[in-house]
Amino acid sequence: MTQEERNSGYYHEERETASEEAWRAYHERRLRGLAEHAYQFAPAVTALFDRAGVKPHEIDSLEALQKLPVTTKTDLARLQAENPPFGGFLAVPVNQLKRIFMSPGPIYDPQGKSNGFWGWSEGFYAAGFRAGDVVINTFGYQMTPAGLMFEESLLDLNCCVIPTGVGNTETQVKIMKDLGVTGFVGMASFLRKIGQTARAEGLDPRRDLSLEIGYVAAEILTDSLRNEVQDMFGMQLHQGYGTADCGCLAYECREAAGMHFTANAYIEILDPRTREVMGPGEPGEVVVTLFNTTYPLIRFATGDLSAYTIEPCACGRTAPRLTRIMGRVDQVTKVKGMFVHPQQAQGVIAKFPGVAKFQIVVTRENEVDRMLFKLEMAETPGAGFIEEISQAIQDGIKLRPELEIVAPGTIGEGAELIVDERTWE
Ligand SMILES: [Zn+2]
């Protein structure tokens, strides 16, 4: 199949290309229905509304949702432990579910009986998966939902699925070769490992394997890893973003310039501390209200840090896009009002191979935050290095750093990437 064929069309054209007004009307209609339904059938949601002094009919706009508190993953684990198995969020009897999973936490994740429960199909379609693809699904099929969650959408698109699960790289190579596998689902780092195994066996993954498309999730996909894997196999790689509790939340289109919000949820980006609603380009926590009548999580804080854009996308889809996932909220440090995350800093520093190690030290003097990048060099820096890296950090993190080149061995093995030495009296 040509890339052009894979890159054209929509899974649900009307919904994916809706005007801003239609998009808002659709979301507000779903939200109103959800509030009424969840209040009636999910005791934890009833309690949440009552505590906030809000009646379901008052949730009549996207903005009105802000009247309700946020539920964190920690809250969910606690509520489930107090009131097993689902903490009162389940809106159907347990024995009416299709499947029940258990994720680390521990958290129970329900799957309802409706088709497309996890909502990944439009993401797979946008990534180029089509009927007739033969796909290895390398996510786990036990306890956690990942394997079956993705399989459902592959079957929905009439792909043939080989449930290979985790590990066994040599067997994965054999299967790919014997069965003419065209699609991969799993983690990008694992696909690279499969490619390396194939090469070690004397195969050329581009010539001897038939991989054309891949869908990756569950880890942060750097540009360098994406490029390396795409080049290794001569394939297109796309990523999606979701969680075990929520299913698909956002997915890449052919442009691979951010991940479009799913129409199955309303997504907000909130300041992790103040819960203030953030605008386009402002980093914050991904908070989800699932249009799910089985498991209606309302303002569920995922713990993931991201930002979104409303710039038009050349693919024609109109939903806003998460620009990228920057890491976990609990690892973030706020410096001069900006969030700084270890992964974000790593992404910037990775562009300078001459830097062997780095560490950020945050201090506060005279009520002003200071951010010092300590750099251990693998090679003597050339002229202009300080200027270039300083600019790159400013572009990537939106803060002007102080820089110090330190002697090799100064930054200990496994040291924290961000050390916050501020004291707050
Ligand atoms: Zn797009």
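Residues numbered from 1 in each chain as written. Predicted model: local features only at pLDDT ≥ 70, side-chain atom pairs only at ≥ 80, totals over all residues.

A. Geometry of the overall build of the protein chain. Scanning the protein chain from terminus to terminus reveals 13 helices and 20 strands. Computed over its C-alpha atoms, the radius of gyration of the protein chain comes to 23 Å, within 12% of the 22 Å expected for a compact globule of 425 residues. Dimensions of the protein chain, computed from the C-alpha atoms along their principal axes, are close to 65 × 65 × 40 Å. Per-residue burial for the protein chain yields a buried fraction of 39% across its 425 residues. (Helix = DSSP H or I, 4+ residues; strand = E, 2+ residues; numbered from the N terminus. Rg over C-alpha atoms; globule rule 2.2 N^0.38 Å. Buried ≥ 20, exposed ≤ 12 C-beta atoms within 10 Å, placed from the backbone.)

B. Representation of the environment of Glu-14 in the model. Within the secondary structure layout, Glu-14 lies in helix H2 (residues 13-16). Assessed through the 9 C-beta atoms surrounding it within 10 Å, Glu-14 is described here as exposed. Sequence separation of Glu-14 and Arg-317 is 303 residues, and the distance between their C-alpha atoms is 9.6 Å.

C. Up close: helix H7 (residues 146-156). H7 sits mainly inside the fold: 8 of its 11 residues count as buried. Within H7 the residues assigned to the buried category are Ala-146, Gly-147, Met-149, Phe-150, Glu-151, Glu-152, Ser-153 and Leu-154. Among the structural elements, helix H6 (121-127), strand S4 (134-137), strand S5 (160-162), strand S6 (183-186) and strand S9 (247-252) are those in contact with the buried residues of H7. Positive phi shows up at Asn-158, right after H7, with a value of about 65°. (Contact = placed C-beta atoms within 7 Å.)

D. Representation of the pairing of S9 in the model. Counting buried positions along S9 gives 6 out of 6 residues, so the element sits mostly inside the fold. In the sheet, strand S8 (residues 236-243) pairs with S9 via 4 bridges, with the strands oriented antiparallel. Directly across from Thr-243, in S9, lies its bridge partner Gly-247. Hairpin connection from S8 to S9: 3 residues lie between these consecutive antiparallel strands. With 3 bridges connecting them, S9 and strand S10 (residues 259-261) associate as antiparallel partners. Looking at S10, one finds that Glu-252 is bridged to Met-259. Connecting S9 to the antiparallel partner S10 that follows it, the hairpin turn spans 6 residues, and Ala-256 within it adopts a positive phi of roughly 50°. (Pairing = 2+ DSSP bridges.)

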